Amino acid sequence: MPVIEVEGLQKLYGDFPAVQGLSFQVGPGEVLGLVGPNGAGKTTTIRSIAGIIIPSAGTIRIAGHDLAQDPVRAKAALAFIPDEPHLFEYLTVEEHLRFVGRLYGVTDVSQRIPGLLEEMDLTEKRGSLPGELSRGMKQKLAIACGLLHEPQALLLDEPLTGLDPVGIRRMKATIMRRAAAGAAVMLSSHLLHLVEEICTRLLVLQRGRVVALGTTAEIMAGRSDLGARSLEDVFLDLIGQDEGAGL
Amino acid sequence: MIRTFGYLAWRSAHNRIARQVRHLRSPRYVAALLLGLAYLWFAVIAQRPTPATADLADPRWLELVGALALLGAVAWGWIFGVERRVLAFSPAEVTFLFPGPVSRRGLIQFKLLRSQLLILFNALIWTLILSRERFGVSPWLRVVSIWVLLTTLSFHRLGASFVRTSLAEHGRLGLRHRVVSLAVLGTVLIALTWSIGEALPRLADADARTPFGFLSALGEAAAQPLPTALTYPFRLMIRPLTAPSVAAWLQALWPALVLLVLHYIWVVRSDTAFEEAAAAVSLQRAQARTERRAGTTPRAGARVTAPLFRLSPRGWPAGAILWKNLVAVTRTQRLRNVVIAMAAGAVIVTALSFEPEGTLAELAGWFAVTWAAALTVIGPQWVRNDLRGDLLKLDMLRSYPLRGGSIVIAEVSASALVLTVIQLSLLVIGYLAFLGNQSMDPPLHTRTLVLVAAFVFLPGINFLGMIIQNGAALLYPAWVRLGSGRPAGVEALGQNMLMMVVFVAMLAVTLLLPVAIGGGAFLLLRGVVNGWAAIPAAILVLGIMAFEAAVLVDWLGGVFERTDPAAAGIG
């Protein structure tokens, strides 16, 4: 049974369609990469699934709960990690986790915190305020907060922004570990090598519409006329920006 | 360079206003605009001086009270710090202007130019607020008078902030470079302290039952040579506002203009290398300090105090938001100072109240009680650890597995709780201050009843007040300033007053029903059970207030769930 189900998603801003006719599913253990040029509708899509934006049309179900009809249970099953970490300036690292634990009803929060801090390399910073953390550490804390309640659906918007090479490697391992544990992961990124490396399927958006959906191999096979040069070439061709691809 | 700054300031203001005007496509914003215009019309056109206020509007009293208020505001700024906002540059301004080929003088001129937008806006508001009959000969002359006054004050705050930050950064070196400013300041502060000491007995003996009794005593105290000298510059600043004719206005304006020019020279005169470095550091420091005070960035490396209580993982999920907001308040320096001052004040006034000459304790008592009452009106604008701060993180709030109503309750409860605790503490201080006074009217048992009533009703009143404030932020996020900070200083007093009057009107409307029904019940039952009628009446009042709060929370919860962060321009 899919964890994330999106059917006929549409979001209009005035008359402008940010996203239209979007339908897809993400099952347990899958990592769906959302790619597309700036303004393609990636963030709108991911924020709609996170319950932040109200869609103009369509249905979204998280772990079987309709997001519009039963938002609390649907949101309890997911975690949204934005590209820009939004932290509370007066809560320490550990207090952020306790705060999130209460929100999501994680009764064994004290037992989970040490492991998560270790995983995110934040153990030494557990008593620090966000003002004392680097950009990368803040991002790690936001990720730790998202992982605390072991969500069935994990939504990440540009998850590697601000991370150093070690952080990037850890982050990739974390994402894959969660997927292997049965979470449905959906991430948006401009880094094609990342999505190629860790995503089991890709969803390519252009002007709010799906231009490709499938595994990397399937998408590349669909454009065999390009001579299967690279995912980047295929991506640029799909979005109609391949003028410089041969350079 | 000034043309570039002008372009930046003008285009930013233009685009900001255009963006806010675009929200008028929403009926909600149109309704607010119409209500606002109706309110302004009522406040400006309909206002007429009443016979009772006509005497108080005598130019001499206005000049005296205005000059003392300005003196107090300026002294407060020097003693307790004036950096707040004065030197705050936006991140974009820091990014583009600080590394750019812009001198210190250029930065200051930009800041002065930028502050003119706020000043002009507030000059307009004050021109509308102050009726023609009482202030000045025409609205056009009045707006010039107010602009001169507010601009001078703005320059003064900027100059004062330079002196303070220069001292903080450079110690003795800064002392040497600011010797003239500091000598003037020291002389003024000593003279001020001495004058207050001299005036206190006269004011304590004044007949405080009528405004004239107190004003007369104030006038006499201010007429002494030293207070006259101290208030003279401030009188010069106020005088154009109270001039009865065009000729008098012209005569009063030029000294005020001279003061303005002197302040301008004071602020921009120095451009030595030392000043360049000091200004750069002070600007950065001031910005960080502004952010900390506004609650955006606590000082890095500062010791983190333990929260008042540990958050249990079990219980009402939205309780986490309430806890988070209370933790934020307890970790701000300002609140700690308030708590320490209150605790010390309570001990001192209690001890003093049993002294045979309890004047000082009673003065402190009246001060505390007056502040507690005033906080009912100004507190909800001042205490902002609620949705007004968190709406900037609307994305995160919306992703939490909580109903909108739960979030609204948790957010509103946090600030209502903080305000109530501060007010009740002040009332307890006031109560203790008069504890030893056996001859006071009202007697002790009445004062005790009033205190008990405050404990019963204030939480509800503050909760409703905070719902109004949070509701305004939720309904009009594009027009209400979000975040912990708000326009501050004398320059922004006009718009803050305008907001306060609107808030008071809305709170009064909200309290009308419970007070009317509760009052009616009390009058009906009093004949049967005497004073005990207060108990069912109070229960009725609280019940209706709770019902109103539930309806408002439910409605605002729905608004929260329907608010699109992108469309609202937040998150």
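Residues numbered from 1 in each chain as written. Chains lettered and ligands numbered in written order. Predicted model: local features only at pLDDT ≥ 70, side-chain atom pairs only at ≥ 80, totals over all residues.

S.K.: Any chance you could explain the overall build of chain B here in plain terms?
M.R.: The helix and strand inventory of chain B stands at 22 helices and 0 strands. Taken across its 571 residues, chain B has 33% of its residues classed as buried. By sequence separation, contacts in chain B at least 24 residues apart represent 79% of the contacts at least 6 residues apart. (Helix = DSSP H or I, 4+ residues; strand = E, 2+ residues; numbered from the N terminus. Buried ≥ 20, exposed ≤ 12 C-beta atoms within 10 Å, placed from the backbone. Contact = placed C-beta atoms within 7 Å.)

S.K.: Even after reading the chapter, I still don't get the sheet that holds strand 5 (residues 65-66) of chain A, so can you show me in this structure?
M.R.: Strands pair in a sheet through their backbones, by hydrogen bonds, and they do so in one of two ways: parallel or antiparallel. Residue and element names in this part refer to chain A. Reading across from one edge, 2-1-4-5 is the order of the 4 strands in this open sheet, with antiparallel pairing throughout. A strand with exactly one partner marks an edge of an open sheet, and here the two such strands are strand 2 (16-26) and strand 5. Where strand 1 (residues 4-13) meets strand 4 (residues 57-62), 5 bridges bridge the pair, whose relative direction is antiparallel. For Val6, the partnering residue across the bridge sits in strand 4 and is Ile60. Strands in contact with helix 1 (residues 42-49) are strand 1, strand 2 and strand 4; relative to strand 1, the strand with the most contacts, it is inclined by about 120 degrees. (Pairing = 2+ DSSP bridges. Axes fitted to C-alpha atoms, helices over the stretch in contact; angles between N-to-C directions.)

S.K.: Sorry, what's going on with the interface of chain A and chain B here?
M.R.: Buried accessible area, meaning the area lost when the parts come together, often serves as the stated size of an interface. Across the boundary between the two partners, chain A contributes 31 residues, which contact 31 residues of chain B. If you tally residues by element for the side of chain A that touches chain B, the top one is helix 3 (residues 93-103) of chain A, at 5 residues. Its residues assigned to classes, the side of chain A that touches chain B shows 18 nonpolar, 8 polar and 5 charged. (Nonpolar A, V, L, I, M, F, W, Y, C, P; charged D, E, K, R; others polar.)

S.K.: Help me understand helix 9 (residues 231-238) of chain A, please; the structure alone is not making it clear to me.
M.R.: Structurally, the α-helix is built with 3.6 residues per turn, so residues lying three or four positions apart point the same way. Residues and elements named next belong to chain A. Looking only at helix 9, the buried set comprises Val234, Phe235 and Leu238. Down the axis, helix 9 shows its buried residues gathered within 100 degrees of arc, on one side only. Taken together, the buried residues of helix 9 touch strand 3 (31-35), helix 7 (192-198), strand 9 (201-206), strand 10 (209-214) and helix 8 (216-222). Of the residues one or two after helix 9, Gly240 is the one with positive phi, at around 75 degrees. (Arc of directions from axis to C-beta.)

S.K.: Sorry, what's going on with the environment of Val246 of chain B here?
M.R.: Residues and elements named next belong to chain B. Within the secondary structure, Val246 is located in helix 11 (residues 246-268). What makes Val246 exposed here is the crowd of 12 C-beta atoms within 10 Å. Sequence-wise, Val246 and Ser138 are 108 residues apart; in three dimensions their C-alpha atoms are separated by 8.6 Å.

S.K.: Whenever I open this one, the domain arrangement of chain B confuses me. Can you help?
M.R.: Residues and elements named next belong to chain B. Segmenting chain B into domains produces domain 1 (1-47), domain 2 (59-293) and domain 3 (319-568). On the domain 3 side, the residues contacting the 6 residues of domain 1 number 5 residues. Per element, the largest residue contribution to the side of domain 1 that touches domain 3 is 4 residues, and it comes from helix 2 (residues 27-44). Split by residue class, the side of domain 1 that touches domain 3 holds 3 nonpolar, 2 polar and 1 charged. (Domains from an automatic or database assignment.)

S.K.: What's the story with the packing of helix 18 (residues 404-433) of chain B against helix 21 (residues 534-562) of chain B in this structure? I'm lost.
M.R.: Angle between the axes and distance between the axes are the two parameters that describe a pair of packed helices. Residues and elements named next belong to chain B. Contact pair helix 18 / helix 21: the axes reach a minimum separation of 7 Å and the direction vectors enclose 115 degrees. As summarised for this structure, helix 18 and helix 21 are arranged roughly perpendicular, according to the angle between their axes. For the element pair helix 18 and helix 21, the recorded crossing hand is right-handed. Mapping the contact onto sequence places Gly404, Gly405, Ile407, Val408 and Ile409 in helix 18 and Val553, Asp554, Leu556, Gly557, Gly558, Phe560 and Glu561 in helix 21. Residues that form the contact of helix 18 with helix 21 fall into these classes: 6 nonpolar, 4 polar and 2 charged. (Parallel < 35°, antiparallel > 145°, perpendicular 65-115°, else oblique. Left-handed = near helix turned anticlockwise from the far one by under 90°.)

S.K.: Is there a simple way to explain the nonpolar core in this structure?
M.R.: One recurring pattern in soluble globular proteins is that nonpolar side chains are buried together. Judged by nonpolar contacts, the single largest core of 137 residues is most densely connected at Ile4, Ile62, Leu78, Ala144, Ala153, Leu155 and Met186 of chain A. Element by element, the count of residues in this core is highest for helix 18 of chain B, at 17 residues. In this structure Leu78 of chain A touches Ala50, Ile62, Pro151, Ala153 and Leu155 of chain A, once residues within four positions along its chain are discounted. Counting residues in each nonpolar core, the second largest holds 27 residues, with Ile125, Leu149, Leu241 and Ala256 of chain B among its members. (Core = buried A, V, L, I, M, F, W, Y, C linked by C-beta atoms within 7 Å.)

S.K.: What is the right way to look at the environment of Pro536 of chain B in this model?
M.R.: Residues and elements named next belong to chain B. Its location among the elements puts Pro536 in helix 21. Residue Pro536 is classed as partly exposed on the basis of its C-beta count, with 15 C-beta atoms lying within 10 Å. Spatially, the C-alpha atom of Pro536 lies 8.7 Å from that of Leu525, the residues being 11 residues apart in sequence. Aside from chain neighbours lying at most four places away, what touches Pro536 is Ala521 and Leu525.

S.K.: Is there a simple way to think about unusual backbone geometry in this case?
M.R.: Trans peptide bonds make up the majority, and among non-glycine residues the majority have a negative phi. All names here are of chain A. A positive phi angle, close to 50 degrees, is found at Ala63, a residue other than glycine. Checked against the element boundaries, Ala63 lands in the loop between strand 4 and strand 5. A positive phi angle is found at Asp121, which is not glycine, with a value near 60 degrees. With respect to the helices and strands, the residue Asp121 is situated in the loop between helix 4 (109-119) and helix 5 (135-147).

S.K.: Just to check I follow, could you spell out the pairing of strand 8 (residues 184-188) of chain A for this structure?
M.R.: The side chains of a regular strand alternate, first on one face of the sheet and then on the other. Residues and elements named next belong to chain A. Counting buried residues in strand 8 gives 5 out of 5 residues, a clear majority hidden from the surface. Going residue by residue along strand 8, you find Ala184, Met186 and Ser188 tucked away on one face and Val185 and Leu187 tucked away on the opposite face as well. Here 5 bridges tie strand 7 (residues 153-157) to strand 8, and the two strands are oriented parallel to one another. Opposite Leu154, over in strand 8, you have Val185 as the bridge partner. The parallel pair strand 7 and strand 8, bridged by helix 6 (residues 165-180), forms a crossover whose chirality is right-handed. (Right-handed = clockwise from strand over helix to strand, strands pointing away.)

S.K.: Can you help me understand the confidence of the model for chain B in this one?
M.R.: Low pLDDT means the predicted atomic positions in that stretch should not be read closely. All names here are of chain B. For chain B, per-residue confidence averages 79 on the pLDDT scale, and 77% of positions sit at 70 or higher. By mean pLDDT, the top-scoring element of chain B is helix 21 (94), and the lowest-scoring one is helix 3 (residues 51-56) (49). Across the interfaces of the predicted complex, the ipTM metric reaches 0.87, alongside a pTM of 0.77. (pLDDT = per-residue confidence, 0-100.)

S.K.: So what exactly am I meant to see when it comes to the environment of Leu230 of chain B here?
M.R.: All names here are of chain B. Note that Leu230 resides in helix 10 (residues 225-242). Taking C-alpha positions, Leu230 is 7.6 Å from Ala191, a pair spaced 39 residues apart along the chain. For Leu230, the residues in contact, after removing those within four places along its chain, are Leu71, Val188, Ala191, Leu192 and Ser195.

S.K.: Even after reading the chapter, I still don't get the packing of helix 3 of chain A against helix 4 of chain A, so can you show me in this structure?
M.R.: Residue and element names in this part refer to chain A. Packing of helix 3 against helix 4 brings their axes to within 10 Å, and their N-to-C directions diverge by 135 degrees. In terms of orientation, helix 3 lies oblique with respect to helix 4. Considering how the two elements wind past one another, helix 3 and helix 4 form a crossing that is right-handed. Contacts between helix 3 and helix 4 involve Glu94, Leu97, Arg98 and Gly101 from the first element and Val109, Ile113 and Leu116 from the second.

S.K.: What's the story with the sheet that holds strand 8 of chain A in this structure? I'm lost.
M.R.: All names here are of chain A. Ordered in space as 6-7-8-3-9-10, the 6 strands form an open sheet in which the pairing is mixed. Here the strands that pair on one side only, and so sit at the sheet edges, are strand 6 (78-81) and strand 10. Here the average twist between neighbouring strands, direction ignored, is 15 degrees. Across 4 bridges, strand 3 lies against strand 8 in parallel orientation. Residue pairing for strand 8: Gly33 is matched across the bridge by Leu187. Sheet strands in contact with helix 6 are strand 3, strand 7 and strand 8, and its direction is about 150 degrees off that of strand 8.

S.K.: Which parts of the structure should I look at to understand the pairing of strand 3 of chain A?
M.R.: Residues and elements named next belong to chain A. In terms of burial, strand 3 is largely enclosed, as 5 of its 5 residues are buried. Alternating positions in strand 3 separate into two faces, Val31, Gly33 and Val35 on one and Leu32 and Leu34 on the other, with burial throughout. Pairing analysis gives 4 bridges linking strand 3 to strand 9, with the strands arranged parallel. From the neighbouring strand, Gly33 faces strand 9, where its bridge partner is Leu202.

S.K.: I keep staring at helix 4 of chain A and nothing clicks. Help me out?
M.R.: All names here are of chain A. Listed in full, the buried residues belonging to helix 4 are Val109, Ile113, Leu116 and Leu117. Seen end-on, helix 4 carries its buried residues on one side only, within an arc spanning 100 degrees. Exposed residues on helix 4 whose side chains face more than 90 degrees from its buried face are Gln111, Pro114, Gly115 and Glu118. On its buried face, helix 4 sits against helix 3 and helix 5. Count one or two residues on from helix 4 and you reach Asp121, which has phi positive near 60 degrees.

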